[in-house]
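Listed below are the residues making up each chain.
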Amino acid sequence: MIQRIQSVYLFIALICLGIVTYGTTLFSFITEKAELQLSSFGVKQTEAIAGQTDYSASFPGYFIGIGLMIIGLATLLSFKKLPRQHKFGRMFFYTYFAVLVSVLLFFYFGASQVANGITAKHLDLGFFLLVIGFPFTFLANTGINRDKKLLDSLNRLR
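None of these values were measured; they are calculated from a predicted model.

**What to know about the layout of surface pockets**
Consideration 1: Put simply, the largest pocket is a space of about 300 Å³.
Consideration 2: Lining the largest pocket are 18 residues, with Leu-26, Gly-61, Ile-64, Val-99 and Val-103 sitting closest to its centre.
Consideration 3: Taken together, the elements giving at least two residues each to the lining of the largest pocket come down to helix 1 (5-22), strand 2 (34-39), helix 2 (61-77) and helix 3 (82-109).
Consideration 4: Here the residues of the lining of the largest pocket are counted per class, giving 12 nonpolar, 6 polar and no charged.

Written out as structure tokens, the structure reads:
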């Protein structure tokens, strides 16, 4: 299982996704009065002067991360049945892409929904880990497709 390169790529993508799901901050909006930080657990508002948490709204973003990790783990562990691994790999890639696009859209267009008078937007470590994990899912799918083509050509020769 580990000797195949797509397993290494999937493992790296799962590590990046696990760190993001653990609760690292994706991005933050800074206003004159407060700083709003978005992580997989929700939005946390910290007062700029005192540094105390004023407002905290949670949403189940970690369920999305856990679901993606389950699909990635199913892709990683179904190495014996290549058609199933191919199906799970495509599902993992497209759901990861949808999550990444939705986070990007919320970063650019969600600022008006969160607070008025935003002075700065900052991308944090969680966002960069989310972006870094995405090419590894593509590379894993490329490796799975290469193995599938190789086995199909061998079956034709028999």
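**Some remarks on the packing of aromatic side chains**
Consideration 1: Per the stated rule, a full pass over the model turns up 15 aromatic pairs.
Consideration 2: Geometrically, the ring pair formed by Phe-93 and Phe-138 is tilted, given 6.1 Å between the ring centres and 50 degrees between the ring planes. Pair noted here: Phe-93 is in helix 3 and Phe-138 is in helix 5 (residues 125-157), with a separation of 45 residues, a long-range link.
Consideration 3: Since its relative accessible area comes to 16%, Phe-93 is described here as buried.
Consideration 4: Exposure remark for Phe-138: the relative accessible area of 48% places this residue in the partly exposed category.
Consideration 5: Site record: aromatic cluster; members linked through ring pairs are Phe-92, Phe-93, Tyr-94, Tyr-96, Phe-97, Phe-134 and Phe-138.
Consideration 6: The ring of Phe-107 carries the charged tip of Lys-121 above its face, separated from the ring centre by 5.2 Å.

**A look at the pairing of strand 2**
Consideration 1: The sheet contact formed by strand 1 (residues 25-31) and strand 2 spans 5 bridges and is antiparallel. If you follow Thr-25 over to strand 2, its bridge partner there is Ser-39.
Consideration 2: Hairpin connection from strand 1 to strand 2: 2 residues lie between these consecutive antiparallel strands.
Consideration 3: Pairing of strand 2 with strand 3 (residues 42-47), which is carried by 6 bridges, proceeds in the antiparallel orientation. Directly across from Glu-35, in strand 3, lies its bridge partner Thr-46.
Consideration 4: Counted along the chain from strand 2 to the antiparallel partner strand 3, the turn is 2 residues long.

**Some details on the packing of helix 1 against helix 2**
Consideration 1: At their nearest, the axes of helix 1 and helix 2 sit 10 Å apart, and the two run at 165 degrees to each other. By the angle class used here, helix 1 and helix 2 are roughly antiparallel. Relative to helix 2, helix 1 is oriented so that their crossing is left-handed. Residues Ser-7, Leu-10, Leu-14, Leu-17, Gly-18 and Thr-21 of helix 1 form the contact with helix 2, whose participating residues are Tyr-62, Gly-65, Ile-66, Leu-68, Met-69, Gly-72, Leu-73, Thr-75 and Leu-76.

**Here we look at a positive patch on the surface**
Consideration 1: Together, Lys-81, Arg-84, Lys-87 and Arg-90 make up a positively charged patch on the protein surface.
Consideration 2: One can find Lys-81 in the loop between helix 2 and helix 3.

Definitions and limits used
- Residues numbered from 1 in each chain as written.
- Predicted model: local features only at pLDDT ≥ 70, side-chain atom pairs only at ≥ 80, totals over all residues.
- Heavy atoms only, no water.
- 1 Å grid on protein atoms, 1.4 Å probe; cavity = no way out; pocket = protein on both sides within 12 Å on 5 of 7 lines; lining within 4 Å.
- Points joined across faces, edges and corners; volume = space filled by probe spheres on them.
- Helix = DSSP H or I, 4+ residues; strand = E, 2+ residues; numbered from the N terminus.
- Nonpolar A, V, L, I, M, F, W, Y, C, P; charged D, E, K, R; others polar.
- Phe/Tyr/Trp six-rings, centres within 6.5 Å; stacked < 30°, edge-to-face > 60°.
- Buried < 20%, exposed > 50% of the residue type's maximum accessible area, 1.4 Å probe, protein only.
- Lys NZ or Arg CZ within 6 Å of the ring centre and 35° of its normal.
- Pairing = 2+ DSSP bridges.
- Axes fitted to C-alpha atoms, helices over the stretch in contact; angles between N-to-C directions.
- Parallel < 35°, antiparallel > 145°, perpendicular 65-115°, else oblique.
- Left-handed = near helix turned anticlockwise from the far one by under 90°.
- Contact = heavy atoms within 4.5 Å.
- Patch = residues over 30% accessible without salt bridge, like charges linked within 9 Å, V, L, I, M, F, W, Y side chains within 5 Å.
- Areas by Shrake-Rupley, 256 points an atom, 1.4 Å probe, with all protein chains shown as cover.
- Salt bridge = Lys/Arg side-chain N within 4 Å of Asp/Glu carboxyl O.
- Lys, Arg positive; Asp, Glu negative; His and termini not counted.
- Charge placed at Lys NZ, Arg CZ, Asp CG, Glu CD.

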